[in-house]
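Notes for the structure review
Residues per chain are reported as follows:
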Amino acid sequence: MGNDTFYVTTPIYYVNDKPHIGHAYTTILADVLARFHRLLGTPTHFLTGTDEHGQKVQRAATENGITPQEQCDRTVVRFQELWRKLEITHDDFIRTTEERHRRVVRGILKDLYQRGEIYASNYEGWYCVPCERFFTEKDLIEAKCPECKRSVEKLVERNYFFRMTQHQQWLIDYIEAHPEFIQPPHRRQETLGFLRKPLGDLCISRPKTRLNWGIELPFDSAYVTYVWFDALVNYISGVGYPDDKATFGKWWPATYHLIGKDILTTHTVYWPIMLKACGVELPRTVFAHGWWLVGKDKMSKSVGNVVNPMDMVEKCGVDAFRYFLMAEMTLGQDASFTEQAFTVRYNSDLANDLGNLASRVLKMVKRDLGGKIPPVPQTGEDEKELMELTLGAVARVQESLGTMQIDRGIADTLAAVRAANRYFEKMAPWKLAKSDDQAGLSRVLYCGAESLRIVSGLLYPVMPGKMSELRRALGLDDTEITPRLADLAQWGKLKPGQCTGDIESLFPRIVETKPVATMDTIVEPASPAKAPAAKPPRTPVSAKPTNLTKVAGTDQIGIETFSTVKLRTARITAAEPVKGSHKLVRLQVHLGTEDRQIVAGLLPHYRPEELVGKTVVVVANLEPARLLGIESNGMLLAAKTGEHLRLLTVDGALPPGSEVS
Ligand code: MSP
C-alpha cells in the first residue's frame, strides 16, 4: 500500500447471537472512514465478516438444537441484513467457514509447523467440565471455576503450541519504535504493560474430543485450530494472501484494524507475532475504541439492556442513528447510550441546526428566487467570515480523520452550520425579500445554499441518505451527489441557475411520545427467566402518558387523571407493512365519526391482512407523532409479555368510536 491506499477492517463477529449496538458501532465507524477516503479519491478497501468457528458458536448451535453450520448460516444473514439497513459499503464480507479462508489458515499452520514455530507439548491446567474450559491456577476463585463456581479438575492434555516467547523483545522494540502501531496511546501503554510479564507460548489447538467445530490442523487430524489463530488470519486471507500477490500487494499492510478495547491483546500481541513468524509486514495501526454503556451500565443480555440496532433504525432512521453514534463517542473512550441523550442530540444538531438551515434556504430560494440558485454574489465582510469558517471546517474534518477524532470533525461541521444560521439571523433575508433589495437577497441565499453544499458534503459519509436528499434539493446533479473533498474545499462551486427542489422535513423534531412498540422495544427486555426479580414484567398495556398527576406518595392516579385519556373503539379498515421496517404497520382505522392513520409496531405478531376488520381500542387524544416519516394519529392498546403481543379487542359487537372507560 503506502499512503496512497486505504484498507480498513472491523473485527469479524461471532455468530453465536444476533448483532448489537457494539457491532453496529465499529462497522459504521469503518464505513464512515471508508466513505471519507473514497471522497478524497483514495483507493479504498473495507473488509468485514464473521467469526464462525469455536466453542461459542458450537455451544449456541447445541442450545438451538441445530448443527454449527446451520447456526452460522442462520446468524450470518442477520449481520448482512443489518449492514444493508445501516448502508454499510464494505467491499468484501469474509466468513471463516469459507474455503478461501480455511485454505490460507491451513497453509500458514503447515508452514509454521514445518519451520518449528509450532510444536507439540503437554498442556496442564484446571479444567471445568460444564464450562468446557481450561483455567490457570491464577484464574481460579477459591479453587473453583471463575465462571460457574463449580469444582475444576487438573488435566494434562497434549496440544500444539505457537512459539511466541522468542518474539517478545522484538515486539516490545517494534511497539516502541512505531508509536502509530497501537492507538490511542493509552492502549499502547496497556500492551507494553502486558509485555512486561514473560510471554508464554500460545496453545493453538483443541482436541476434537473437546471441540470439533474448527479448522482441522493440517498435520494432526485429531485437532482443530484455536479460534483466534483462525480468525485473525481473515485480515490477510480476505485480500488474497498468499497466492494473489497483486491484490495482497495493493492493500496490505492494512491502514486500520478497528477493534473494541477488550480484544487488544489478541490484536497487538498474538497477531503481530503471527505475522512476524510468517514474514509478513504488520498493519499500520490497530485502533481500539471504547465501549458503549447503557446509561452507566455495561450492556448485558442477563440484565436485559442490550440495545438492538435494528430497532433503533426503525425508530429514528438510519442516518440519525449513524450520526448519533459517530458524534457521541470520543474515539478511545467509553460512551453512554440513552434514549434521552439520543433525543437531545437529534433535536439540537439535526432538527434545530441543520434541519432549520436547510429548510430556511430551500424555502426562500423557491419562494423568492423562483427555485433557482442565484448568480455568484459579490461578497462583503459577513460573507467572507462565513466562507472562512466553513472552509475551516473542511480543513479540520480532514485533520480529524488523520487523528481519528471523528466526533471533533462532526462538531466542527455543526459549528459551521450554526455560523450559517447566525449569518441568516443577522442578514434577515425575509426582510430583504419584502424590500426591493434583490441583490442582497440573492447574496444571502447564495451563501446559505453554498454553506449547505459544503456541510452536506462533509456529513455525507456519516449520513449518506439524508445528505444525498439535501444535495439533490440544492440542485446538484447526479455526478455531484456523492461529493469530492476537493470540491468541498472551494467556496462558490454552486452553479447559478440550477433548479432547487423540495425537501419536506429533513429531520422532523422528536416529540416525547411513546407510541406502541417503538422505544419500548429499543432496549430489549430480558427473557422472563433471566429478568431481575425486582422488576415487574414489562406489560405495556396502558397508554402511560408521562405528564399525568399522581396521588401523592403512591403510584396511584385519581379518576380525573385517568379520564384525561380518551379511549375509543376503532375498526381497522386497512393495514400494510411500512417499507423498510420489520415491525411497523400503517393502519387506517374508523372511529365512527372520523378516519385516522395509525402506525404501530405489530409485526411479526400479526400479519397485516389478519388485522383488517378487528375492533381495537385506541388512545384517541394522543398528540400526533411521526414514525419513519409517516404520521401516526393515536395509539393502539396492546398487551405484551416476553415475545408475545396481543391487541386489546372488544368482547362483542359495538360501533366504532364507542367510548372506553
Ligand atoms: N470474533 C471476535 C473478533 C475476532 S477479530 C479477528 C469477537 N467477536 S465479538 O462478536 O464478540 O465482538 C466483536 C466486537 O464487538 C469487539 O470489538 C468488541 O469490543 C465489540 N463490542 C462488544 N460489546 C461492545 C460494546 N458494548 N460497545 C462497543 N463495542 C463492543 O470478539
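Model, not experiment: these values are computed from the prediction.

Scoring rules and cut-offs
Residues numbered from 1 in each chain as written. Predicted model: local features only at pLDDT ≥ 70, side-chain atom pairs only at ≥ 80, totals over all residues. Heavy atoms only, no water. Helix = DSSP H or I, 4+ residues; strand = E, 2+ residues; numbered from the N terminus. Expected span 1.5 Å × (residues − 1). Buried < 20%, exposed > 50% of the residue type's maximum accessible area, 1.4 Å probe, protein only. Contact = heavy atoms within 4.5 Å. Axes fitted to C-alpha atoms, helices over the stretch in contact; angles between N-to-C directions. Parallel < 35°, antiparallel > 145°, perpendicular 65-115°, else oblique. Nonpolar A, V, L, I, M, F, W, Y, C, P; charged D, E, K, R; others polar. Domains from an automatic or database assignment. Pairing = 2+ DSSP bridges. Phe/Tyr/Trp six-rings, centres within 6.5 Å; stacked < 30°, edge-to-face > 60°. Lys NZ or Arg CZ within 6 Å of the ring centre and 35° of its normal. Polar contact = N/O pair within 3.5 Å; in protein donor to acceptor, adjacent residues only side chain to side chain.

1. Quick notes on helix α14 (residues 381-402)
- With 22 residues, α14 should reach 32 Å at 1.5 Å per residue; the first-to-last C-alpha distance of 32 Å fits that figure.
- Turning to α14, its buried residues are Glu383, Leu386, Thr390, Gly392, Ala393, Val394, Val397, Ser400 and Leu401.
- Along its buried surface, α14 packs onto α1 (21-39), β13 (256-260), α15 (406-427), α17 (438-459) and α20 (485-488).
- A positive backbone phi angle near 55° is found at Met404, which sits one or two residues after α14.

2. Things to note about the packing of α1 against helix α12 (residues 318-328)
- Between α1 and α12, the least distance of the axes is 10 Å, while the angle of their chain directions is 90°. By the angle between their directions, the pair α1 and α12 is classed as roughly perpendicular. Across the interface between the two elements, Ile21, Tyr25, Ile28, Leu29, Asp31, Val32 and Arg35 of α1 pack against Phe321, Arg322, Leu325 and Met326 of α12.
- Here the residues of the contact of α1 with α12 sort into eight nonpolar, no polar and three charged.

3. A word on the domain arrangement of the chain
- Domain boundaries in the chain define domain 1 (338-488) and domain 2 (559-660).
- Relative to domain 2, the C-alpha centre of domain 1 lies at a distance of 40 Å.

4. A short note on the sheet that holds strand β6 (residues 133-135)
- Pairing is antiparallel across the open sheet formed by four strands, whose spatial order is β6-β5-β7-β9. Taken across any chain shown, the strands that pair with only one partner, and hence form the sheet edges, are β6 and β9 (202-203).
- Here ten bridges tie strand β5 (residues 118-128) to strand β7 (residues 153-162), and the two strands are oriented antiparallel to one another. The residue of β7 that forms the bridge with Ala120 is Tyr160.

5. Notes on the packing of aromatic side chains
- One pass over the structure, following the stated rule, counts 27 aromatic pairs.
- For the pair Tyr113 and Tyr160, a centre-to-centre distance of 6.0 Å together with 75° between the ring planes defines the contact as edge-to-face. Of this pair, Tyr113 sits in helix α4 (residues 99-114) while Tyr160 sits in strand β7, and the two are 47 residues apart along the sequence.
- Tyr160 gets classed as buried once you look at its relative accessible area, which sits at 7%.
- When the ring centre of Tyr256 is taken as reference, the NZ or CZ atom of Arg284 above it lies at 5.6 Å.

6. Comments concerning unusual backbone geometry
- Omega for the peptide link from Gln183 to Pro184 comes to -10°, which places this bond in the cis form.
- The topology assignment puts Pro184 in the loop between β8 (182-183) and α6 (185-194).
- Residue Pro242 is bonded to the preceding Tyr241 through a cis peptide linkage, with omega at -5°.
- Inspection of the secondary structure assignment puts Pro242 in the loop between α8 (234-237) and α9 (245-251).
- We note that Lys149 has phi near 65°; this positive angle belongs to a residue other than glycine.

7. Quick notes on the side chain of Thr96
- As for its placement among the helices and strands, Thr96 is situated in the loop between β4 (92-95) and α4.
- A distance of 2.8 Å separates a polar atom in the side chain of Thr96 from the backbone nitrogen of Glu52.
- Not counting residues within four places of it along the chain, the set of residues in contact with Thr96 comprises Ile12, Thr50, Asp51, Glu52, His53, His101, Ile215, Asp230 and Ala231.

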